[in-house]
Structure formats: C-alpha cells, structure tokens
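One-letter residues, chain by chain:
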Amino acid sequence: MLYHLLAPLRDDFAIFNVVRYITFRTMMAVITGVLSLLCGPWFIRTLRRLSVGQNIREVGPQSHQVKAGTPTMAAC
C-alpha cells in the first residue's frame, strides 16, 4: 500500500524513486516483519496491562469464555 501512496510522488520528489526497486520494498518488508516479531510480545503485554481486551457475552458457548480479555484491534 505504501508503494501506491508514494509512487505518484516520485515524479515530483527524487527521493521517492526508491519505491520502484523491488529490493528496497523487500528490505522494508523484512524490517517491518522483524520489528513486529520483536515488539509484538511487548505490545500484547501492554494491551493486557491496560485492560484492552475482548468482551465475551455470557450467552455464547462456554468454550469461548477462555478468550475473555484477549487484546484485539477491533472496535469495542
């Protein structure tokens, strides 16, 4: 998606020409993946500490009660 946002700007700003290169895009994808792996557990712990979790309705199956408190990015 970042490619589609920055590609039109490459005609006006020379620095955005790097988004044309597959090696640059691959390197950015690898960096994003490594950052997610390294920061993900910390981020989940922080969300749990802040009590940002999923609410499970009592009407549903008992097996779903285990999921209570799981951090999600969905709107509450």
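Residues numbered from 1 in each chain as written. Predicted model: local features only at pLDDT ≥ 70, side-chain atom pairs only at ≥ 80, totals over all residues. Heavy atoms only, no water.

1. What to know about the overall build of the protein
Okay, so step 1: Summing up its helical and strand segments, the protein has two helices and zero strands in all.
Okay, so step 2: The contacts in the protein between residues at least 6 apart in sequence include a share of 11% that link residues at least 24 apart.
Okay, so step 3: As displayed, the protein offers around 6700 Å² of accessible surface, 66% of which is attributable to carbon and sulfur atoms. (Helix = DSSP H or I, 4+ residues; strand = E, 2+ residues; numbered from the N terminus. Contact = heavy atoms within 4.5 Å. Areas by Shrake-Rupley, 256 points an atom, 1.4 Å probe, with all protein chains shown as cover.)

2. Some thoughts on the environment of Leu47
Okay, so step 1: Relative to the helices and strands, Leu47 resides in helix α2 (residues 22-49).
Okay, so step 2: On the basis of relative accessible area, Leu47 is assigned to the buried category, the value being 11%.
Okay, so step 3: Considering only alpha carbons, one finds Leu47 and Thr70, 23 residues apart in sequence, at a separation of 8.9 Å. (Buried < 20%, exposed > 50% of the residue type's maximum accessible area, 1.4 Å probe, protein only.)

3. Looking at the packing of aromatic side chains
Okay, so step 1: Across all of its chains, the model carries one aromatic pair by this definition.
Okay, so step 2: On the numbers, 6.5 Å between centres and 45° between planes, the contact of Trp42 with Phe43 is tilted. (Phe/Tyr/Trp six-rings, centres within 6.5 Å; stacked < 30°, edge-to-face > 60°.)

4. Some remarks on a nonpolar patch on the surface
Okay, so step 1: A surface patch of nonpolar side chains, amounting to about 340 Å² of accessible area, comprises Met27, Met28, Ile31 and Leu35.
Okay, so step 2: Relative to the elements of secondary structure, Met28 occurs in helix α2.
Okay, so step 3: We classify Met28 as partly exposed; its relative accessible area is 33%. (Patch = residues over 30% accessible without salt bridge, like charges linked within 9 Å, V, L, I, M, F, W, Y side chains within 5 Å. Salt bridge = Lys/Arg side-chain N within 4 Å of Asp/Glu carboxyl O.)

5. What to know about α2
Okay, so step 1: If you check α2, its first and last C-alpha atoms are 39 Å apart, about what 28 residues at 1.5 Å a residue would give, namely 40 Å.
Okay, so step 2: Cys39 marks where α2 bends most, by close to 45°; the proline Pro41 follows one to four residues later.
Okay, so step 3: Downstream of α2 by one or two residues, Ser51 has phi in the positive range, about 60°. (Expected span 1.5 Å × (residues − 1). Bend = angle between axes of the 7 residues up to and from the residue.)

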